[in-house]
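# Report on the structure
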Amino acid sequence: MTSLAELQARFQRHIVHDDQAVTSDISGPDDAYRQERLLIYYRAYRLRLIAALAVDYPVLKAFVDEQRFEELATAYIEARPSMVRNLRWFGDSMSSFLHYDPRFSDEPILAELAEFEWAQGLAFDASDAAQLGFDELASVPAEHWPQLHFVAHPSLQLVTLQWNVIAIWHAHRDNKTLPPATLQEPDGTIAVWRKDYKTYFRTLDRDEAWLWRTLAAGTAFSEACSRFATKMGMDEAGAAQRAAQLLHTWVEEGWIQGFEILSDD
Amino acid sequence: MHFQNLGFGLGLRTTHYEEILASRPCVDWFEALSENYMVRGGKPLHYLERIRADYPVVLHGVSLSIGSTDPLDLEYLKALKALADRIQPAWVSDHLCWTGVARQNIHDLLPLPYTPEAVDHVASRIVQVQEFLRRPILIENVSSYVNFSQSEMTEWEFINEVAKRADCLLLLDVNNVYVSGFNHGFDPHEFIDALPAERIQQIHLAGHSNCGSHIIDTHDAPVIDKVWKLYSYTIEALGPVATMIERDDHIPDLATLVSELDQARKVARNATRIAASA
Ligand SMILES: [Fe+2]
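Residues numbered from 1 in each chain as written. Chains lettered and ligands numbered in written order. Predicted model: local features only at pLDDT ≥ 70, side-chain atom pairs only at ≥ 80, totals over all residues. Heavy atoms only, no water.

On to the packing of helix 3 (residues 74-87) of chain B against helix 4 (residues 116-133) of chain B, then. All names here are of chain B. The geometry of helix 3 relative to helix 4 is characterised by a closest axis approach of 10 Å and an angle of 45 degrees between their N-to-C directions. Taken together, the axes of helix 3 and helix 4 lie oblique to each other. For helix 3 against helix 4, the interelement crossing comes out right-handed. Taking contact as the criterion, the partners of Leu74, Leu77, Lys78, Leu80 and Lys81 in helix 3 are, on helix 4, Val129, Phe132 and Leu133. Here the residues of the contact of helix 3 with helix 4 sort into 6 nonpolar, no polar and 2 charged. (Axes fitted to C-alpha atoms, helices over the stretch in contact; angles between N-to-C directions. Helix = DSSP H or I, 4+ residues; strand = E, 2+ residues; numbered from the N terminus. Parallel < 35°, antiparallel > 145°, perpendicular 65-115°, else oblique. Left-handed = near helix turned anticlockwise from the far one by under 90°. Contact = heavy atoms within 4.5 Å. Nonpolar A, V, L, I, M, F, W, Y, C, P; charged D, E, K, R; others polar.)

Residues and elements named next belong to chain A. You can see Gln35 is positioned in helix 2 (residues 31-56). Residue class for Gln35 comes out partly exposed when judged on its relative accessible area of 35%. Apart from the residues within four sequence positions on either side, Gln35 is in contact with Gln20 and Thr23. (Buried < 20%, exposed > 50% of the residue type's maximum accessible area, 1.4 Å probe, protein only.)

Now for the coordination of the iron ion. Under perfect tetrahedral coordination by four donors, a metal shows angles of 109.5 degrees; under perfect octahedral coordination by six donors, it shows angles of 90 or 180 degrees. Residue and element names in this part refer to chain B. Distances from the iron ion to its protein donors, Glu140 (OE), Asp173 (OD), His204 (ND1) and Glu246 (OE), fall at 1.9 to 2.4 Å. Here the iron ion is ringed by 4 donor atoms whose angles at the metal span 85 to 167 degrees, and the overall shape comes out irregular. Within one chain, the residues serving as donors to the iron ion are arranged as E-x32-D-x30-H-x41-E. A residue pair is termed long-range when its members are at least 10 positions apart, and Glu140 in strand 5 (residues 137-140) and His204 in strand 7 (residues 200-206) qualify at 64 residues. Assessed through its relative accessible area of 1%, Glu140 is described here as buried. Assessed through its relative accessible area of 0%, His204 is described here as buried. (Donors = N, O, S within 2.8 Å, 3.2 Å for Na, K, Ca; no water. Tetrahedral: all angles 85-135°; square planar, octahedral: opposite > 155°, others 65-115°.)

Tallying each qualifying case throughout the model produces 27 salt bridges over all chains. Between Asp174 of chain A and Arg173 of chain A there is a salt bridge whose closest N-O contact spans 3.0 Å. A salt bridge links Arg265 of chain B to Asp262 of chain B, with the shortest nitrogen-to-oxygen separation between them at 2.9 Å. With Arg265 of chain B and Asp262 of chain B both in helix 9 (residues 254-277) and 3 residues apart, the pair spans about one turn of that helix. Relative accessible area serves as the criterion here: at 14%, Arg265 of chain B is assigned to the buried category. Classification of Asp262 of chain B as partly exposed rests on a relative accessible area of 32%. (Salt bridge = Lys/Arg side-chain N within 4 Å of Asp/Glu carboxyl O.)

Residue and element names in this part refer to chain A. With respect to topology, 3 strands assemble into an open sheet ordered 2-3-4, the strand pairing being antiparallel. One side of each edge strand has no neighbouring strand; the edge strands of this open sheet are strand 2 (157-163) and strand 4 (198-203). Going across the sheet, the axis of each strand differs from the next one's by a mean of 25 degrees, ignoring polarity. Sheet topology note: the strand 3 (residues 183-195)/strand 4 ladder contains 6 bridges and is antiparallel. Across the sheet, the residue bridging to Val192 is Phe201, located in strand 4. On the sheet, helix 9 (residues 206-216) packs against strand 2, strand 3 and strand 4 and is oriented at approximately 50 degrees with respect to strand 3. (Pairing = 2+ DSSP bridges.)

Contact residues are listed per partner, giving 41 residues for chain A and 50 residues for chain B. Between chain A and chain B lies a buried interface of about 3900 Å² when both sides are counted; carbon and sulfur atoms form 55% of it. Across the contact surface, chain A and chain B share 2 salt bridges. The salt bridge involving Arg48 of chain A is made with Asp108 of chain B; its shortest N-O contact spans 3.5 Å. Connecting chain A to chain B are 24 residue pairs in polar contact (both at pLDDT 80 or more). Only helix 1 (3-17) and helix 2 of chain A provide two or more residues apiece to the side of chain A that touches chain B. (Buried area = accessible area lost by both parts, 1.4 Å probe. Polar contact = N/O pair within 3.5 Å; in protein donor to acceptor, adjacent residues only side chain to side chain.)

Residues separated by three or four positions in an α-helix point in the same direction, a consequence of the helix having 3.6 residues per turn. Given a rise of 1.5 Å per residue, 12 residues ought to cover 16 Å, and the 17 Å separating the end C-alpha atoms of helix 2 (residues 43-54) of chain B matches this to within 8%. Of all the positions in helix 2 of chain B, only Pro44, Leu45, Tyr47, Leu48 and Ile51 of chain B are classed as buried. Projected onto a plane normal to the axis of helix 2 of chain B, the buried residues spread over an arc of 165 degrees and lie on a single side. For helix 2 of chain B, the secondary structure elements touched by its buried residues are helix 6 (109-124) of chain A together with helix 1 (17-23), strand 2 (29-33), strand 3 (57-60) and helix 3 of chain B. (Expected span 1.5 Å × (residues − 1). Arc of directions from axis to C-beta.)

Structure (structure tokens):
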């Protein structure tokens, strides 16, 4: 290693691991002075990353309170050092960290709060793409409907929640006291998406969640409809009517980027 | 190699997007933080493009890590080039520092030792970046809190050497000169006198936090009087240079920043007059 590389490695070990070896590389009258100056970098590193996480996870921060959030963020910084160029992506694995780390895993709502807040960020700066309009959909000739495959808008994220994350989110938005964590029965599927540069979310009905996942997995519309009928125990006509109604909602909300007409062979 | 003098600009901040488009403030140009727009889509890029339609924009990065001994990050450079192709900025800048090694990112502007080895290293990387981006880049002096015992020259000698060897432009942060001068006990005027005037394409002004024994470059407050004086001194020496005010924290409303920018206009006008009558 060159001397520059060695110096940078020592400097970084000080910032990340509090290793004092770099002290002798610093000019100054005495060690106390050198350590005081080095401490500026040591502190700034943590403060900057904690601040970035607070921007990504404001509801999580409010839920656990300021001090515990600092502990949680500090633990995350230790466990998952940043390998990303853009600070924007540093908080990427917060949900999985909270899910697996024994200090936090006994409070599963924390990982769910993080997952939900991160999904909003992903929706916020997902790729731009068209949103399918009703005119376009109406122009599809009837004989092509069996081969119709829908393409989800890139901003659309699905999150499954077992806890009252949404109630906590709303209380935080409205500056109200946050409710304690409670398990909800049954769990819910939440869609998060962006339309006209605003981020939205809502809870899906159970049949809706099933049909959306089936279509998003690449199943043709008519095939999905007939499986939908079986799955929900409806007759074909009832299932088709419900599917058409859901499709109408999704187009209106901008969940669908477009469609492809593919022959299924 | 000089670009045009753009006049007086502000940092583009999310909270001001709507107001900029609605009120068309008297700001000559905007500086956008490159990394905020190196995303696939969404609101930031949308607003940047709309604002770009009405104002010149320059791109200012914090993650190039030109001084790191890690290899240059080709993915980052590709994303930066794609953004530059899309936005057509008047110019692109980053800092004379390193941000991490062993692929880790400290997300800070870390200081370099002022050694011939570091000059060679940094200058050759600036050359590579300029070739890749097909444009000269501006390199900015950072605030620092330590000096390395390995240093064999002053910071301004180091900057001179790097700029000459790399044939790059400079972004002179007057506040950083003031902060580092305070922290290391040098005269900021000496720093400014020693820089290659012909390479200085842009100036940064900002506020900071005085902690008594040292000053931290926080960009969270108005520009202080002593920095205004140093700015005046700089313009007397250099003549008019594109100037912008950085504010990254405690961001006030747009009108407050526009009036601080008017202050910069006034100081620069007086300084130009003083220089002409001298
Ligand atoms: Fe700056």
